Protein chains: 2
Amino acid sequence: MYLYLIRHGIAGDLESVTPTDNDLSTQKTIDLDELRSLTKVGRKKIAQVADRLAKLDVTFDLIITSPLVRARQTAEILSDRQISTQLQVSEDLKPMGNLPAWLMWWQARTFDDPISTLAVVGHEPNLSHWAELFIFGKVVDRLVLKKGGIIGLKFDDDRLAIGTAQLICLLTPKYLVDSKI
Amino acid sequence: MYLYLIRHGIAGDLESVTPTDNDLSTQKTIDLDELRSLTKVGRKKIAQVADRLAKLDVTFDLIITSPLVRARQTAEILSDRQISTQLQVSEDLKPMGNLPAWLMWWQARTFDDPISTLAVVGHEPNLSHWAELFIFGKVVDRLVLKKGGIIGLKFDDDRLAIGTAQLICLLTPKYLVDSKI
């Protein structure tokens, strides 16, 4: 089984966030960081990454994303380009998310269709640390994952056991987009 | 300082090797494996990888290659495309080569020009094992490096100390070539 860890694209800073009336009326506290959107360049780069993946026949059976706006937008751009037909959201993929909790959920899940290629869209340093846990069984803080970058892991089976993965690629968007934006 | 470990392209098998009269007259024993050449597809893919690196302004101050024909040819294609102006050969980069010996030589070298981006062209499993030594200080056999693939490492300085590198990319040619060959 293949697991691709994808970091969200370039997002605006906190000053760029304008909560909607709906945000203001439905939430007791608003974490502005959760509302940061992809910038125009961020969207464009992720769209180019998606186009390149599609061209290379790199597709996913399922994308699971962090609920934060910049991650969801990244995942949606990938889905819109037919990179994946299924898209889910997991609270465990938030910044400082909980890998053991996510992994317990994953290992206990039942899907109608078998998942042999899964993509997870989230944040740093989570994703590179998770990759290190999957590969080496511990965090060593040595993988550099840029915004819009992808870590590809290969597992013996769909249990995604810690300390068992092979690293098959670590891509920066630079190598995936066709032109400088 | 940046170190790029590049695996040679696709080569012919032992049956494809025809030693030249020069090989036969100058060498007491001939290791046919050392004479294996890149195939036509192998050459084409490496040329496409080189073109892509040039387009992305990924260039090297120096390429050091294994003396084996398939590695030398790979390094020469990269050099021919102006990816690097300097090309050297090191016996330590042969299959089952000697990283400590190469590293001692590197750390004791004196170059006229400082080298901030170095490429090494060689073989598996050497290159992925060396990458793991540079990153983690031990071989864990978890990095997958395909023919024509590239591992990019970043070091604090040009001593290239074991156990200090960050992994900045792990690329298969698939992500670098423009079309399926």
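Everything below is about the structure printed above this text.
Cut-offs applied
Within every chain, residues take consecutive numbers counted from 1 along the sequence as written. Think of it this way: whatever chain is written first is A, whatever ligand is written first is 1, and the rest follow in order. Reporting in this predicted model follows two pLDDT cut-offs: at least 70 for local features of residues, and 80 or more for side-chain atom pairs to be given and counted; totals over whole chains, interfaces and linings ignore these cut-offs and use all residues. Hydrogens and water are ignored here; the side-chain numbers use all heavy atoms of the structure. For the exposure calls, accessible area comes from a 1.4 Å probe over protein chains only, and a residue counts as buried if that area is under 20% of its type's maximum, exposed if over 50%, partly exposed in between. Counting from the N terminus, the helices are the DSSP runs of H or I reaching at least four residues and the strands are the DSSP runs of E reaching at least two. By arc we mean the arc of the directions from the helix axis to the C-beta atoms, nothing more. Contacts between residues were defined by any pair of non-hydrogen atoms, one from each residue, lying within 4.5 Å. Counting of polar contacts relies on pairs of N or O atoms within 3.5 Å, with two restrictions inside protein: one atom must be capable of donating a hydrogen and the other of accepting it, and residues adjacent in sequence are counted only when both atoms are side-chain atoms. Accessible surface is computed with a 1.4 Å probe, and the buried area is the amount of it that two parts give up when combined, taken over both parts together. Salt bridges are identified by distance alone: a Lys or Arg side-chain nitrogen within 4 Å of an Asp or Glu carboxyl oxygen. Strands are labelled as partners when DSSP assigns at least two bridges between them. Here a crossover is taken to be right-handed if, once the strands point away from the viewer, the path from the first strand over the helix to the second is traced clockwise.

J.: Sorry, what's going on with helix 4 (residues 99-108) of chain B here?
T.: Owing to its 3.6 residues per turn, the α-helix aligns residues three or four sequence positions apart on the same side. Residue and element names in this part refer to chain B. Those residues of helix 4 not exposed but buried are L99, W102, L103 and W106. Looking straight down helix 4, one finds that the buried residues subtend no more than 95° of arc, so they occupy a single side. Helix 4 presents P100, M104 and A108 as exposed residues on the side facing more than 90 degrees away from its buried surface. Looking at the buried residues of helix 4, the elements they touch are strand 2 (62-65), strand 4 (117-122) and helix 5 (126-136). At the N-terminal boundary of helix 4, the capping side chain belongs to N98, with an oxygen 3.0 Å from the backbone nitrogen of A101.

J.: Is there a simple way to think about the interface of chain B and chain A in this case?
T.: By a widespread convention, an interface's size corresponds to the accessible area lost as its parts come together. Between chain B and chain A, the contact holds 30 residues from the first and 30 residues from the second. Together, the buried faces of chain B and chain A total about 2500 Å²; carbon and sulfur atoms form 54% of this surface. Broken down residue by residue, the surface that chain B buries against chain A is led by R142, L167 and Y175 of chain B, which jointly contribute 28%. Along the contact surface separating chain B from chain A lie zero salt bridges.

J.: So what exactly am I meant to see when it comes to the pairing of strand 2 of chain B here?
T.: Regular strands have side chains that alternate between both faces of the sheet. Residues and elements named next belong to chain B. Across the two faces of strand 2 the burial is the same, with L62 and I64 and I63 and T65 all buried. In the sheet, strand 2 pairs with strand 3 (residues 87-89) via three bridges, with the strands oriented parallel. Paired with I63 across the bridge in strand 3 is L87. What joins strand 2 to strand 3 is helix 3 (residues 69-80), and the crossover it makes is right-handed.

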